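Here are the chains, one letter per residue:
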Amino acid sequence: MAKVGIVMGSDSDMPIMSKAADILEQFGIEYEMTIISAHREPDIFFEWAKGAEDRGIKVIIAGAGKAAHLPGMCAALFKMPVIGIPMKTSDLGGVDSLYSIVQMPSGVPVATVAINGGMNAGILAAQILATSDEELLAKVKDYAEQMKSEVEAKDAKLKEVGYKNY
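Positions within a chain are numbered from 1, following the residues in the order the chain's sequence is written. Local features in a predicted model are, by the rule used here, given only for residues with pLDDT of at least 70; side-chain atom pairs are given and counted only at 80 or more, and totals for whole chains, interfaces and linings are based on all residues. Where side-chain values are given, they derive from all heavy atoms of the structure, hydrogens and water being excluded.

### Considering the overall build of the protein chain
Secondary structure elements are taken from DSSP: a helix is a run of H or I of four residues or more, a strand is a run of E of two residues or more, and numbering for both begins at the N terminus. Each helix and strand counted, the protein chain has six helices and five strands in total. Element order for the protein chain, N to C, with α for helix and β for strand: β-α-β-α-β-α-β-α-β-α-α. For every residue, the accessible area (1.4 Å probe, protein chains only) is compared with the maximum for its type, and the residue is labelled buried under 20%, exposed over 50%, or partly exposed between those bounds. Within the protein chain, the fraction of its 166 residues that count as buried is 39%. Note on definitions: a residue-residue contact is assigned when non-hydrogen atoms from the two residues lie within 4.5 Å. Long-range pairs, those at least 24 residues apart, make up 64% of the contacts in the protein chain between residues at least 6 apart in sequence. Taken together, the 16 basic and 22 acidic charged side chains of the protein chain have centroids lying 6 Å from each other. The positive count covers Lys and Arg only, the negative count covers Asp and Glu only, and His and the chain ends enter neither. Throughout, a charge is located at the NZ atom of Lys, the CZ atom of Arg, the CG atom of Asp or the CD atom of Glu.

Structure below.
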């Protein structure tokens with residue numbers, strides 16, 4: 001099965017990025033995860049991003065922290081889908097990271113998910129890969145059905161006990 005590359009600039013991003021990895025594991029998708037600072041290790045970053053296709057990577061999930069350059073630079077160097085996760089920052093709450101992703105220039109697209117949306121990044125990567133993998137598509141559809149059932153169960157409980165006893 002195709003692989004997903006997960007890259008973050010700092011270990012402080014791990015709580016969010018690990019949610020993407022958890023979802024990929026749930027779907028049985030192989031991934032590699034790494035910490036690379038685009039600013040402190042540009043040569044290592046360039047080598048990682050340029051070599052991703054040769055390593056079997058089909059989608060990259062990149063965390064966008066304070067300077068927020070990883071997703072855009074991944075997209076500049078890797079010609080398959082890149083998903084950016086804007087990280088909530090202490091300074092500007094993640095809006096700065098979100099803006100850096102959604103303002104990519106024409107010809108260098110980066111998909112984005114919600115601020116701190118690691119789980120959705122993993123699901124989106126699975127959906128992208130599922131366009132050419134019927135078995136994975138079935139898993140994605142089963143996952144959606146499971147979420148629906150969970151909401152229906154919560155609604156039934158609410159109706160049973162009332163909101164004050166919920």
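### Side note on the pairing of strand β4 (residues 82-86)
Within β4, five of the five residues are buried, which leaves the element mostly enclosed by the surrounding structure. Alternating residues of β4 divide into V82, G84 and P86 and I83 and I85, and every residue in both groups is buried. Of the strand pairs in this sheet, strand β3 (residues 57-64) and β4 are connected by five bridges, and their pairing is parallel. Each residue of the ladder has a partner; that of G63, found in β4, is I85. Orient the strands so they point away from the viewer; a crossover is then right-handed if the path from the first strand over the helix to the second runs clockwise. Crossover handedness for the path β3 to helix α3 (residues 70-77) to β4: right-handed. At least two DSSP bridges between two strands are needed for those strands to be called paired.

### A short note on the sheet that holds β3
Strand order in the open sheet formed by five strands is β2-β1-β3-β4-β5, and the pairing between neighbours is parallel. Every other strand in the sheet has two partners, leaving β2 (30-35) and β5 (111-112) as the edge strands with one partner each. Inspection of the sheet shows strand β1 (residues 3-8) paired to β3 by five bridges, in the parallel sense. Within β3, the position partnered with I6 by the bridge is I61.

### Re the packing of aromatic side chains
Whether two aromatic rings pair depends on their centres lying within 6.5 Å, for rings of Phe, Tyr and Trp, where Trp uses its six-membered ring; planes under 30 degrees apart make the pair stacked, over 60 edge-to-face, and the rest tilted. Per the counting criterion, the structure on display carries two aromatic pairs. The interplanar angle of 65° and the centroid separation of 5.4 Å between the aromatic rings of F27 and Y143 together place this pair among those described as edge-to-face. Of the two residues, F27 sits in helix α1 (residues 14-27) while Y143 sits in helix α6 (residues 134-161), which places them 116 residues apart along the sequence.

### Details of the pattern of salt bridges
By convention in these notes, a salt bridge is any Lys or Arg side-chain nitrogen within 4 Å of a carboxyl oxygen on Asp or Glu. Throughout the structure, instances matching the rule amount to three salt bridges. As a salt-bridge pair, R55 and E32 come within 2.8 Å of each other at their nearest N and O atoms. Here R55 is found in the loop between α2 (42-50) and β3, whereas its partner E32 is found in strand β2, with 23 residues between them in sequence. On the basis of relative accessible area, E32 is assigned to the buried category, the value being 18%. The partner of D155 in a salt bridge is K159, and the shortest N-O contact between them spans 2.8 Å. With a gap of four residues between them, D155 and K159 both fall in helix α6, about one helical turn apart. Judged by relative accessible area, which is 63%, K159 ranks as exposed. A cluster of three or more residues bridged by salt bridges with shared partners is formed by K3, E32 and R55.

### Some details on the environment of P86
By the element assignment, P86 lies in strand β4. Measuring from C-alpha to C-alpha, the distance between P86 and S100 comes to 8.5 Å, with 14 residues separating the pair along the chain. What P86 contacts, discounting residues up to four positions off in sequence, is A64, G94, S97, L98, I101, T112, V113, A114, I115 and N116.

### Side note on the pairing of β1
Counting buried positions along β1 gives six out of six residues, so the element sits mostly inside the fold. Neither face of β1 is left uncovered, since the one carrying K3, G5 and V7 and the one carrying V4, I6 and M8 both have all their residues buried. Two elements, β1 and β2, share six bridges in a ladder whose sense is parallel. In the strand pairing of β2, V7 is matched with T34. In this fold, β1 hands off to α1, which returns the chain to β2; that crossover is right-handed.

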